[in-house]
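Architecture at a glance
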Amino acid sequence: MLSVFGIHPPCPGSVDVSMAPVRRSKAGAALAALLAGAVTAAGALIGGPAHAQAETPRAAAAAYAGPLFDAHLHYNDEAVARYPIADVLGRLQRSGVRAVIANSRPNDGTRALATARDVARQAGVTVVPFVRLYRNRADYTGWHADPGIVEMVMRELAAGTDAGPYRGLGEFHLYESGNADGPTARRLMQLAEQRGLAVLAHVDDVAIEKLLAHAPKATLIWAHSGIGGVPIERVRALLQRHPTLLGELSYRPGLSEGDGRLSPAWRALFIEMPDRFLVGSDTWINGRWDDYENLMQQARRWLGDLPAPVARRIAWENGAGLFGLPAP
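As a starting point, this report considers the structure included with it. (Residues numbered from 1 in each chain as written. Predicted model: local features only at pLDDT ≥ 70, side-chain atom pairs only at ≥ 80, totals over all residues. Heavy atoms only, no water.)

1. What about helix 11 (residues 232-241)?
- Of all the positions in helix 11, only Ile232, Val235, Arg236, Leu238 and Leu239 are classed as buried. Projection of helix 11 onto a plane perpendicular to its axis shows the buried side chains occupying an angular sector of 165°, all on one side. What points out from helix 11, more than 90 degrees from its buried face, is the exposed set Glu233 and Gln240.
- The elements touched by buried residues of helix 11 are helix 10 (205-214), strand 6 (220-222), strand 7 (245-248), helix 12 (264-272) and strand 8 (277-278). (Buried < 20%, exposed > 50% of the residue type's maximum accessible area, 1.4 Å probe, protein only. Helix = DSSP H or I, 4+ residues; strand = E, 2+ residues; numbered from the N terminus. Arc of directions from axis to C-beta. Contact = heavy atoms within 4.5 Å.)

2. A short note on the sheet that holds strand 3 (residues 126-131)
- Pairing within the open sheet is parallel, and its 8 strands lie in the order 1-2-3-4-5-6-7-8. Only two strands of the sheet have a single neighbouring strand rather than two, namely strand 1 (68-73) and strand 8.
- The sheet contact formed by strand 1 and strand 2 (residues 97-102) spans 4 bridges and is parallel. Bridging from a neighbouring strand, aspartate 70 pairs with valine 100 of strand 2.
- Sitting on the sheet, helix 8 (residues 148-159) touches strand 3 and strand 4 (168-173), and the angle it makes with strand 3 is about 150°. (Pairing = 2+ DSSP bridges. Axes fitted to C-alpha atoms, helices over the stretch in contact; angles between N-to-C directions.)

3. Description of the environment of aspartate 118
- Tracing the chain through its elements places aspartate 118 in helix 6 (residues 117-123).
- With 45 residues separating them in the primary sequence, aspartate 118 and alanine 163 have C-alpha atoms 9.8 Å apart.
- Within polar-contact distance, the side chain of aspartate 118 engages the side chain of arginine 121 at 3.2 Å. (Polar contact = N/O pair within 3.5 Å; in protein donor to acceptor, adjacent residues only side chain to side chain.)

4. Here's the deal with unusual backbone geometry
- In this model, arginine 105 is joined to proline 106 through a cis peptide bond whose omega is -10°.
- Position of proline 106 relative to the elements: it lies in the loop between strand 2 and helix 5 (108-115).
- Across the junction of glycine 170 and glutamate 171, the peptide omega takes the value 10°, indicating a cis bond.
- Positive phi outside glycine occurs at serine 225, with the angle close to 50°.
- Assignment of secondary structure puts serine 225 in the loop between strand 6 and helix 11.
- A positive phi is found at aspartate 282, a non-glycine position, where the angle reads about 55°.
- Aspartate 282 gets classed as buried once you look at its relative accessible area, which sits at 5%.

5. Comments concerning the environment of glutamate 317
- Structurally, glutamate 317 is set in helix 15 (residues 308-323).
- Look at glutamate 317 and you get partly exposed, because its relative accessible area is 30%.
- For the pair glutamate 317 and phenylalanine 277, spaced 40 residues apart in sequence, the C-alpha separation works out to 10.0 Å.

Printed below as a string of structure tokens:
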């Protein structure tokens, strides 16, 4: 069995966590406070407040080498036709990815990954299945006005998967934020809150507020943390206002600089809120599957610019803790 980045796949007798409830880690605030105190103390030792606030040039940091939780993975019908499951799991294993949120168009792809439970276990990968709202491409733009979507979701939830029950809903898109107030979006958010399901949503910042107004206690994973370039201060404000909101980081504008290093503004936010972010790949087209290992290496590079405890939280612990996965 292969060992990737020093991580060994769990043995076949490891605990099955597919039934574990969605939960949030409570250690993030303490970690952020500890890190903030360490930064302040270091500044004082150097020579007072002026030095504590000054940004010193960063030496090249080693890439993060721990486990990854991919919180945004699609195995759509185009990918199913081109990449057999053994190929998919090989890409994940070589990338050090130990768990994924799988959601696909249609849901057949996710069920196929879940069915390959023994092969996934051998690769050291846990599949966390979500019900996607899309039966076909037309549903990308029309799902919010189609009452049949709720019926489809209810059928999928009742059937479950070979890996156990579905753990969330999405990814879904809202290209007009006002559609977040429609009856289908409202019903699905309330359903997620009632059943303890996480929601993965590709929406703007206005729609985030609307969706959480329907279900304030639902766990909402914001795909791309504002792909349209929502200002980082707006991201911070939404996270502060909504304790069940998490940010997924694929495609996020401004996250890294030209050399792949983490931008100072995002680094500061991650240290401030280490328990609120997740890494993702967003394999929405086959080109992303072709480049999968490089995408994960890019994430490892900017994760390496963070203090080690923060990097591991964002890379693995936040996602694993959300779904009750054991330490790898």
